[in-house]
Amino acid sequence: MRTREAIAALIPHQGLMCLWQEVVEWDEERIVLRTNGHRDPAHPLRRDGRLHAVHLCEYGAQTMAVHGGLLARRDGGVAKPGVLVALRGVQLHLARFDDLPGAIEGRAHKLIDTGESWQYEFELHHAGVPIAQGRAAVMARPD
């Protein structure tokens, strides 16, 4: 999967709010994604021309959404819409990331999947160096 549009077909985030541009690899438990979108001056999360590190949590959460979308599509369906309910153990290793020269890579590992809630740990890297990590929990949106 090599386009933002293909990824956007799997998740509720559309346009520039679909933060990932490429699925590098994935399996039942893990996913690796890549993007250069943080360098786009039109990035929707920019404030005063900058992307603050806290926004890396959104990148982490979207790794979960893409993984869930791929798993659902593999099984012939679509992912249930979810709501981010918790972030835990988040570590940010920089203050901003709009000035990073190369791609950001996101990795997520599924810890829990009850069918109605999911927990993942995520890591974000730039040039092989960790820039953020944490755990995120999502619950299915009630009908």
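Scroll up to find the structure.
For clarity, every value in this text was computed on a predicted model and none was experimentally measured.

(A) How the structure looks around the packing of aromatic side chains. This structure, assessed with the given rule, holds 2 aromatic pairs. Ring centres 5.4 Å apart and planes at 90 degrees place the aromatic pair W20 and Y59 in the edge-to-face group. Taken together, the residues span a long stretch of sequence, with W20 in the loop between α1 (4–8) and β1 (22–26) and Y59 in helix α2 (residues 56–74) at a distance of 39 residues. Pair check on accessibility: W20 and Y59 agree, each one buried. Seen from their ring centres, Y59 and F97 are 5.5 Å apart, and the 85 degrees between their planes marks the pair as edge-to-face. Of this pair, Y59 sits in helix α2 while F97 sits in the loop between β3 (82–92) and β4 (104–113), and the two are 38 residues apart along the sequence.

(B) Broad picture of the nonpolar core. If you look at the biggest cluster of nonpolar residues, it comprises 31 residues, and the most contacted ones within it are I7, L56, V66 and L124. Among the secondary structure elements, those contributing two or more residues to this core are α1, β2 (30–35), α2, β4, β5 (117–126) and β6 (129–140). Excluding anything up to four places from it in sequence, L56 contacts L94, F97, F122, L124, I131 and A132.

(C) Representation of the pairing of β1. Bridge analysis of β1 against β2 gives 4 bridges, and the strand direction is antiparallel. Opposite V23, over in β2, you have L33 as the bridge partner. In this structure, the hairpin formed by β1 and β2 is closed by a connection of 3 residues.

Criteria and thresholds
Residues numbered from 1 in each chain as written. Predicted model: local features only at pLDDT ≥ 70, side-chain atom pairs only at ≥ 80, totals over all residues. Heavy atoms only, no water. Phe/Tyr/Trp six-rings, centres within 6.5 Å; stacked < 30°, edge-to-face > 60°. Helix = DSSP H or I, 4+ residues; strand = E, 2+ residues; numbered from the N terminus. Buried < 20%, exposed > 50% of the residue type's maximum accessible area, 1.4 Å probe, protein only. Core = buried A, V, L, I, M, F, W, Y, C linked by side-chain atoms within 4.5 Å. Contact = heavy atoms within 4.5 Å. Pairing = 2+ DSSP bridges.

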